[in-house]
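A look at the structure
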Amino acid sequence: MSRKINLYLVEYAINALFRNRSKNIFIMVVFTLLTALLSSVFFITGSIKHELQSTVDALPQIVVQKIKAGRHYDIDTSVADEILNITGVSEALPRVWGYYYFENAGVNFSVMGIEQYAQQYKKSFDTVVNKFDFDELDSSKQMVVGEGVKKVMEKNYYNKYFNFIKPDGTFKQLSIAGTFKGDTKLESNDMILMSTENVREIFDIAENKATDIVVKVPNPEEITTIASKIKLLYPDSRVITSNDLQVSYQNIFDYKSGLFLALFTVALFTFFMIIYDKASGLSSEEKREIGILKAIGWRVDNVLKEKFYEAFIISFLAFLVGTLLAFAFVYLFRAPLLREIFVGYSQLKTSFELPFVFDIQTLFLVFFLSVPIYIAATIIPSWRAATLEVDEVIR
Amino acid sequence: MFSKKIVLAFMLLVGLYSASYAENTFSKMASGKPTLIQEGQKKKWCSVCGMNLKMFYKTSHTAKLKDGKKRQYCSMRCLAVDSHEHNISLSSIQVVDVNSEKLIDANKAFYVLNSKVKGTMSKVSKLAFASEDEAKAFAKKYDGEVTDFKTAFAKANASLEKDIAMIQMKKEKKMYPMGKKLFEKKCQESINPMDYVEINQLKSAIVSNKLCQPLKEKQLQAVTLYLWDVKRVKGADEHLKKIVVNKDEKCPVCGMFAYKFPKWVAQIFYKNGQTEQHYSFDGVKDLMKFYFDAKKENITEILVSDYYSQKAIDGQKAFYVIGSDVSGPMGNELIPFEKEADAKTFLHDHNGKSVVTFDKITKEDVFKLDK
């Protein structure tokens, strides 16, 4: 059985759409807006989820901090050697870093000390270390900044160098040797890398102290055992495992996506209202049209086909335009209003871009939530009208 | 009047604070010029471990070998190591007096052990004093017990094995990788560690002959240790890798895909005519089940994954823990370890029943795991 598309029917469907121009434009606009809203919600959640996951993946397995009087305190570097002696630990690296508050821009930079020849706990640092020699940067008083940091500095007329204010009030001037791209946008947006010696100078950290210690465990099953051993060894320490962090990140995300869910429900509810309105019955004019078509010799399946084309054209067009709008809204304009829901004002001050994640599944989800439902809502009442006797309809 | 009091009180506070601060930061570094008794450029460094003598001057010991050569060590630990390798006359041993920073006869010195000061290359620090009063005063300030050289040396010898293991762990996990990176980037490839008899000789040659670009003391130590311990012993440089499994390899015993369980993967290599082939297993238990029925003479190699490091190790030399609370993809497992000490730690941590070597694993043991 050949099933060629009857072009006359398609032509008729398009003409029928134009005949009811104002009504169809209204449906089209509402439909487009709804798919745009739905898909941008999905795009943003997808992107942020991806960003969070890569952040969590890049996290060290165990972080050890010293806690004194309930607050974070500098830890002895010798603790790292002691931790290294625990079986199952492959690396224990003291990190020297801190947040530097840049008052003019109202942002916090993460200033990170890099030791050129020690193991790096992050892949992105390995590439940076290959590109720049931090021993040389140390002697020439230079630093490497994240791409986002560079922009912030340029806005404040720091094009070639930056002045850090040390705790004693004096300046430490470091020139910008180059920029780097982190594993995540979050990372490169606020991170400055320099030699450990320079970080010690800027934050006044003693030679035998470090901010915290990151521990690498080759077998992830051993993380909890090793974490508890460290805790026993140093009762004054706070031992954070990557699992703990993942849970807390997930909590923030889930809380925020609750707000999104509310938005999502409202959008879907509106959509179904329109569908219900449409499905609840045809206007007498539409009924009469079907009746006349049948009177001049159309069969039921012709009528249904024509109605199907009509519904498909309008809904698929709206779906396409809607998703394209969502793409532009999210990835070109960076979701101006919706993003605020996720990126809390207090959590992140530096702006961050949503990484482009193309997930075919979300597109299908939006498609099946909208197009088939609309088509069904058009065809079912038409079928009801088409199966009635002609004289009954026209009368 | 009043303001003067405040100033005085403030000064007192500052004084107290700095005094207590000084207490926590006892430095083992020489305050002036250290007395170094070895000859030539190499005198700056310890003859056994290559560490900088100025940095660890207050724990430094010296000795004369039977052939008249003078040696200086960073600590009593290195002296103990050297006394096992060379003939050292105990009467020739001298030690740095912490207070005067001069060399005194160790046999007449008073040692403070177990003080709050961290040990050099050992868990317990051993500091020497010329008089008993000084030693007691020090012990009062920093805790610890006062003894003589003989007891201190005996203790150093007793804890030697543990200390060496501790230092070796640090070297392997931290210093060698760092040294390797530095050597590849900053040093001439032509350095041959075989040309030198002592580690401090190598170190001084690196500095005076400019074999490497300028290095900081810590970096220099890393390069030297890498050259001395790793490069000199051939083959030790090849670091172990993980077992590689193809995606289509199924465990011949249970039929599961082995690549899905990278933590547990084990392999048997065997000769099949001229070519070498292998089977991959999703755990040592299944490997053993296969091994018991296999033709042993065709097997060329058995690889298992070390539980802690996840690296491929020789299965026939490994140690296995039976009956722990850690289970693999097929339930209870035989858990492989490269070092016996690691196996024992695991046994303790995870309620294991026993540690066995490969040849001691019986069919009964293995099939019992499934019950």
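Residues numbered from 1 in each chain as written. Chains lettered and ligands numbered in written order. Predicted model: local features only at pLDDT ≥ 70, side-chain atom pairs only at ≥ 80, totals over all residues. Heavy atoms only, no water.

**A few points about the overall build of chain A**
Across its full length, chain A carries 15 helices and 13 strands. The C-alpha atoms of chain A give 31 Å as radius of gyration, which overshoots the globular expectation for 395 residues (21 Å, by more than 25%). Considered along the principal axes of its C-alpha atoms, chain A spans approximately 95 × 50 × 40 Å. Within chain A, the fraction of its 395 residues that count as buried is 48%. Expressed as a percentage of contacts within chain A between residues at least 6 apart in sequence, the contacts between residues at least 24 apart total 79%. In the form shown here, chain A has an accessible surface area of approximately 20,700 Å², with 59% of it arising from carbon and sulfur atoms. Distance between charge centroids for chain A: 8 Å, based on 41 positive and 44 negative side chains. (Helix = DSSP H or I, 4+ residues; strand = E, 2+ residues; numbered from the N terminus. Rg over C-alpha atoms; globule rule 2.2 N^0.38 Å. Buried < 20%, exposed > 50% of the residue type's maximum accessible area, 1.4 Å probe, protein only. Contact = heavy atoms within 4.5 Å. Areas by Shrake-Rupley, 256 points an atom, 1.4 Å probe, with all protein chains shown as cover. Lys, Arg positive; Asp, Glu negative; His and termini not counted. Charge placed at Lys NZ, Arg CZ, Asp CG, Glu CD.)

**Some points on the domain arrangement of chain B**
For chain B, the assigned domains are domain 1 (41-158), domain 2 (162-231) and domain 3 (258-368). For domain 1 of chain B versus domain 3 of chain B, the separation of C-alpha centres amounts to 45 Å. (Domains from an automatic or database assignment.)

**What to know about the sheet that holds strand β11 (residues 312-314) of chain B**
All names here are of chain B. Pairing in this open sheet of 4 strands is antiparallel, and the strands run β9-β8-β10-β11 from one edge to the other. Two strands close off the open sheet at either side, each with one partner strand: β9 (275-281) and β11. Here the strands of the sheet are splayed against their neighbours by 30° on average, with no regard to which way each runs. Taken together, the 3 bridges between strand β10 (residues 299-305) and β11 define a ladder with antiparallel strand orientation. (Pairing = 2+ DSSP bridges. Axes fitted to C-alpha atoms, helices over the stretch in contact; angles between N-to-C directions.)

**With respect to the interface of chain A and chain B**
In this assembly, 28 residues from chain A lie in contact with 28 residues from chain B. Taking both partners together, chain A and chain B bury about 2,500 Å²; carbon and sulfur atoms supply 46% of that area. Viewed at the interface, chain B and chain A are joined by 8 salt bridges. The closest approach of N and O atoms between Glu197(A) and Lys216(B), which form a salt bridge, is 3.2 Å. Here chain A and chain B share 14 residue pairs in polar contact (both at pLDDT 80 or more) between them. Elements represented by at least two residues in the side of chain A that touches chain B include exactly α3 (78-84) and α9 (223-233) of chain A. Residue contributions to the side of chain A that touches chain B peak at 4 residues, all from α3(A). (Buried area = accessible area lost by both parts, 1.4 Å probe. Salt bridge = Lys/Arg side-chain N within 4 Å of Asp/Glu carboxyl O. Polar contact = N/O pair within 3.5 Å; in protein donor to acceptor, adjacent residues only side chain to side chain.)

**Regarding the domain arrangement of chain A**
By convention, interface size is frequently given as the accessible area that disappears when the constituent parts associate. Taken domain by domain, chain A consists of domain 1 (7-55 + 248-394) and domain 2 (60-241). Between the C-alpha centres of domain 1 of chain A and domain 2 of chain A the distance comes to 48 Å.

**Digging into the pattern of salt bridges**
According to the stated counting rule, one finds 32 salt bridges over all chains in the structure shown. In this structure, the salt-bridge partner of Arg95(A) is Asp212(A), at a minimum N-O distance of 2.9 Å. Pair noted here: Arg95(A) is in strand β4 (residues 91-95) and Asp212(A) is in strand β12 (residues 212-216), with a separation of 117 residues, a long-range link. With respect to burial, Arg95(A) and Asp212(A) carry one shared label: buried. Taking the shortest distance from any N to any O, the salt bridge between Lys203(B) and Glu217(B) comes out at 3.1 Å. Of the two residues, Lys203(B) sits in helix α6 (residues 199-208) while Glu217(B) sits in helix α7 (residues 217-231), which places them 14 residues apart along the sequence. Residues joined by salt bridges that share partners form a network here, namely Asp135(A), Glu197(A), Lys186(B) and Lys216(B).

**Section: the nonpolar core**
Of all hydrophobic cores here, the largest spans 40 residues; its most connected members are Ile62(A), Ile83(A), Phe109(A), Met143(A), Met153(A), Phe164(A) and Ile192(A). Setting aside anything within four residues of it in sequence, one finds Ile83(A) in contact with Val64(A), Val89(A), Ala92(A), Ile213(A), Val215(A) and Ile230(A). Core analysis: the next-biggest nonpolar cluster, separate from the first, contains 30 residues, Cys49(B), Leu65(B), Met76(B) and Ala80(B) among them. (Core = buried A, V, L, I, M, F, W, Y, C linked by side-chain atoms within 4.5 Å.)

**Examining the state of the cysteines**
Residue and element names in this part refer to chain B. Scanning the entire structure with this criterion turns up 1 disulfide over all chains. The residue that forms a disulfide with Cys 187 is Cys 212, at a sulfur-sulfur distance of 2.0 Å. On the S-S bond that ties Cys 187 to Cys 212, the torsion sits near 105°, and the link is right-handed. With Cys 187 in the loop between α5 (160-186) and α6 and Cys 212 in the loop between α6 and α7, this residue pair connects regions lying 25 residues apart in the sequence. Exposure remark for Cys 187: the relative accessible area of 12% places this residue in the buried category. With no disulfide of its own, Cys 46 lies 3.6 Å from the sulfur of Cys 49, the closest cysteine sulfur. Free of any disulfide, Cys 49 has its nearest neighbouring cysteine sulfur in Cys 74, separated by 3.5 Å. (Disulfide = S-S within 2.5 Å.)

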